[in-house]
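# Structural description and commentary
Okay, here's what each chain looks like letter by letter:
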Amino acid sequence: MKKPFVSVIINDTEQGVLVQFTGASLDKVKNAYPNTIFEIVLNASSYQLPVNALNLAPQTKHVIVGMTKIAGQVKEQLDQSANNAGLRPISQAVDFKVSVTSDEATVEVDEFGGTYMIRTIVFDGNRSGEYMTAILYDPATRALSFVPAVIATRSDGKTAMSIKTPHNSIYTLVESGRRTFSDIQSHWAKTNIELLTSKLIVSGVSTAQFAPDIAITRAEFTALLVRALGLKLEPKERNLPFNDIAQNDWYAPVVEAGVQVGLVRGVSVGTFAPNVPITREQMAVIFNNALVYLGYPQLNVNDASVALGKYRDRTDISAWAQSAVAQSIAAGIIHGMTDDTIAPSQPATRAQAVVMLQRFLQYVEFID
């Protein structure tokens with residue numbers, strides 16, 4: 001069923017534009033048509049606001065959507081960070097904001113309970129067409145990070161990237177050029193590794209080496225998927241329920257982010273086993289948890305049985321992983337090691353993880 005869609009089209013020439021809705025009107029729309037999406041369209045960017053992502057208090061007077069082209073010192077610092085990372089901006093940088101006002105205060109809302117909001121940014125025309133990606137820029141740390149995005153054509157015919165994230169921030173589009181490693185030149189996963197490296201999702205074990213055939217650990221794979229989903233890492237004291245993860249471990253924030261949204265859990269009470277190689281069936285469970293987080297339906301029993309049917313080692317799949325392995329096979333994320341074996345307990349390599357992650361991201365339309 002098609003969702004009700006309301007477009008507000010503004011032929012803007014200003015650096016920043018604010019669009020204001022009354023809280024009462026949005027509340028009426030939400031009650032009558034809860035799937036309604038309001039879209040604010042500017043010349044070089046747009047923002048979609050699903051009314052069911054708003055949890056408005058009775059005292060809310062206005063909801064204000066703001067889109068501002070970044071300029072001045074912040075733009076200079078962004079460009080410098082991009083240049084240092086070997087990236088070339090190919091669009092405006094836009095700060096997307098939503099604020100809620102009442103008689104007492106105005107509060108900025110930058111998280112929407114896991115709802116992936118869609119924004120677009122139009123390409124500026126100065127692009128080669130290869131290795132393009134959308135990035136989030138954090139002005140406090142000057143860090144750049146991947147955000148899910150696909151190329152789209154707007155209703156006005158302009159080519160843009162449709163960015164999907166559950167939080168507001170500063171976003172821009174960049175080209176990276178091909179990034180490669182000396183040890184993947186004849187590897188079967190060379191193209192996949194280069195693509196996800198160019199998108200800032202994966203990195204090598206050094207600037208020259210990727211080590212494609214060594215096992216990937218549970219912490220490393222969690223970090224890849226958290227990064228690929230565009231989840232925010234919180235700079236705070238952590239209270240993780242695992243005795244084998246310390247506050248200063250590099251993977252503590254990514255494991256915390258994964259636990260919070262239900263991607264990962266421990267191998268037993270109090271144990272995450274971050275440095276243990278992850279098995280193929282454990283990866284399937286995490287991919288399935290990601291599909292659940294994104295709202296994808298689960299396979300029924302008959303379809304799951306069909307998905308596993310051709311694999312003669314299907315009885316080797318742990319009971320807790322059977323439905324997840326079937327879901328990942330049906331979605332095309334995980335393939336057999338051979339035509340009739342799935343090898344559920346075999347540790348996955350770094351190259352295998354990259355290839356499966358690319359298939360997952362394309363399945364959920366987070367990359368082209």
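Described in the following lines is the structure provided in the data block. Quick caveat, the model's predicted, so the values are computed rather than measured.

## Notes on the nonpolar core
Leu196, Leu225, Leu229, Phe287, Leu357, Phe360 and Leu361 are the most contacted members of the largest nonpolar core, which totals 77 residues. A total of eight residues in this core trace back to one element, the largest contributor, which is helix α9 (residues 350-363). Core analysis: the second largest hydrophobic core is formed by 33 residues, Leu26, Leu54, Ile90 and Val100 among them.

## A short note on empty space enclosed by the protein
All told, the structure shown has one cavity of 30 Å³ or more when counted by the stated rule. Counted as a void, the largest cavity has a volume near 40 Å³. Of all the secondary-structure elements, those providing two or more residues to the lining of the largest cavity are β2 (16-22) and β5 (62-69). Among the elements that line the lining of the largest cavity, the one with the most residues is β5, at three residues. The residue inventory of the lining of the largest cavity, partitioned by class, reads four nonpolar, four polar and three charged.

## Description of unusual backbone geometry
Positive phi, close to 65°, is recorded for leucine 200, a residue that is not glycine. Relative to the helices and strands, leucine 200 is located in the loop between α3 (190-198) and α4 (218-228). The phi torsion at alanine 343 lies on the positive side, around 50°, for a residue other than glycine. Tracing the chain through its elements places alanine 343 in the loop between α8 (322-330) and α9.

## Remarks on the pairing of strand β11 (residues 143-147)
Across five bridges, the pairing between strand β10 (residues 132-138) and β11 is antiparallel. Note that in β11 the partner of alanine 134 across the bridge is valine 147. Joining the antiparallel neighbours β10 and β11 is a turn of four residues, in which arginine 142 adopts a positive phi near 60°.

## Side note on the packing of aromatic side chains
Aromatic ring pairs are defined here through the distance separating the ring centres and the angle between the ring planes. If you walk through the whole model with that rule in mind, you get 11 aromatic pairs. Note on phenylalanine 96 and tyrosine 171: the rings are 6.1 Å apart at their centroids and 55° apart in plane angle, and the pair reads as tilted. One end of the pair, phenylalanine 96, is in strand β7 (residues 94-101); the other, tyrosine 171, is in strand β14 (residues 170-175), with 75 residues separating them in the sequence. For the residue pair phenylalanine 96 and tyrosine 171, the accessibility class agrees, reading buried in each case.

## Re the pattern of salt bridges
This structure, assessed with the given rule, holds 11 salt bridges. For the salt bridge of arginine 88 with glutamate 175, the shortest nitrogen-to-oxygen distance reads 2.5 Å. Of this pair, arginine 88 sits in strand β6 (residues 88-89) while glutamate 175 sits in strand β14; the two residues are 87 residues apart in sequence, bridging distant segments of the chain. The partly exposed category is assigned to arginine 88, whose relative accessible area is 32%.

Cut-offs used in this document
Residues numbered from 1 in each chain as written. Predicted model: local features only at pLDDT ≥ 70, side-chain atom pairs only at ≥ 80, totals over all residues. Heavy atoms only, no water. Core = buried A, V, L, I, M, F, W, Y, C linked by side-chain atoms within 4.5 Å. Buried < 20%, exposed > 50% of the residue type's maximum accessible area, 1.4 Å probe, protein only. Helix = DSSP H or I, 4+ residues; strand = E, 2+ residues; numbered from the N terminus. 1 Å grid on protein atoms, 1.4 Å probe; cavity = no way out; pocket = protein on both sides within 12 Å on 5 of 7 lines; lining within 4 Å. Points joined across faces, edges and corners; volume = space filled by probe spheres on them. Nonpolar A, V, L, I, M, F, W, Y, C, P; charged D, E, K, R; others polar. Pairing = 2+ DSSP bridges. Phe/Tyr/Trp six-rings, centres within 6.5 Å; stacked < 30°, edge-to-face > 60°. Salt bridge = Lys/Arg side-chain N within 4 Å of Asp/Glu carboxyl O.

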